[in-house]
Amino acid sequence: MLRKMSVIILLILTALWVTNSDSIRPAREFIQNNIYVWSETQEEKLPIYCVDTDKKQIALTFDTAWGNEDIPQILKILKQENVKATFFVVGNFIRDNGDLIKEMVQEGHIVGNHTLTHPDMSGISSLNDFRKQLEGVENLYKETTGESMTKFYRPPQGIYSTANLSMAKELGYKTFFWSLAYVDWYQDKQPTREEAFDKLLTRIHPGAIVLLHNTSSTNGQILDELLTKWEEMGYTFGTLNDF
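Now for a look at the structure at hand. (Residues numbered from 1 in each chain as written. Predicted model: local features only at pLDDT ≥ 70, side-chain atom pairs only at ≥ 80, totals over all residues. Heavy atoms only, no water.)

**Notes on the nonpolar core**
Basically, it comes down to this: Only buried residues count toward a nonpolar core, which is a set of Ala, Val, Leu, Ile, Met, Phe, Trp, Tyr and Cys residues joined through side-chain atoms within 4.5 Å. Whether a residue is buried, partly exposed or exposed follows from its accessible area with a 1.4 Å probe, protein chains only, as a fraction of its type maximum: under 20%, in between, or over 50%, in that order. Residue contacts are defined here by distance: any two heavy atoms, one from each residue, within 4.5 Å place the two residues in contact.
Formed by 39 residues in total, the largest nonpolar core has its most connected members in Leu60, Leu78, Phe87 and Trp230. Other than its neighbours up to four places away in sequence, Phe87 contacts Phe62, Thr64, Ile71, Ile74, Leu75, Leu78, Met104, His109, Ile110, Val111 and Gly112. Counting 14 residues, the second largest nonpolar core, distinct from the first, contains Tyr49, Phe88, Phe177 and Ala181.

Laid out in structure tokens, this is it:
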């Protein structure tokens, strides 16, 4: 009950904060960085932002839509540090980067579904149209790897409707969001190393699902040191299978 009341209070404060905001993007970032799952007894259709735990374990995820320049470096570092991650991929990335998808699978990473064409999924109300977005990626993945895709889903930009959650569940998917992210997706306005470490080290917490973007050159440059720093803080790395 106390946790439920905390979430209600958080949503009220968020609504007040949004009302006084000049921009919707900061409001969305505030929500994305502060909403947590209540417990393992929640309704299964609720999206998963993190795990309510005191165990210092985190899951690393990458949204992988455009470009592949930094993926080889990211995969190299993850292999070197023996860290498994989840890559949420868009249809065109699988189509254009079959060898990288195969490498992800061979290295033990999870490849999740980030939709076929990266639309605003909240505007999709038809189960048939929703299915096309997810099954299109599944089919490309099967053609590339010969395997069935793990049914983990993340909507583009984190935008969704409650109907989307029900549709994802009906199709057998778990919907994953994140509890820690930073503005790393503008390729022409990349954060400095110092800015990235300030966000990613000070906000880490037990049970976190961390979101990074593959298009960030900063992420490729700092990942090795970032993983080491988290380990020095006592954190270990799991995967979304542990969440």
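That was the structure; now back to the text.
**Structural notes on the pairing of strand S1 (residues 57–64)**
Using the following cut-off: A helix here means a DSSP run of H or I that spans at least four residues, while a strand means a run of E at least two residues long, and both kinds are numbered starting from the N terminus. Paired strands, in this sense, are two strands between which DSSP finds at least two bridges. With its strands directed away from the observer, a crossover is right-handed exactly when the path from the first strand over the helix to the second travels clockwise.
In terms of residue burial, S1 counts as a mostly covered element, since 8 of its 8 residues are buried. Judged by which residues are buried, S1 turns out to be covered on both faces: Gln57, Ala59, Thr61 and Asp63 on one side and Ile58, Leu60, Phe62 and Thr64 on the other are all buried. Where S1 and strand S7 (residues 236–238) come together, 3 bridges link them in parallel fashion. Bridging from a neighbouring strand, Ala59 pairs with Gly238 of S7. Relative to strand S6 (residues 209–213), S1 runs parallel, the two sharing 5 bridges. Opposite Asp63, over in S6, you have His213 as the bridge partner. Here S1 runs beside strand S2 (residues 85–89); their pairing, made up of 5 bridges, is parallel. Residue Leu60 lies in a different strand from S2, and its bridge partner there is Ala85. Assessed by its sense of winding, the connection that carries the chain from S1 through helix H3 (residues 71–81) to S2 is right-handed.

Function cannot be inferred from these measures alone, as they are strictly geometric.
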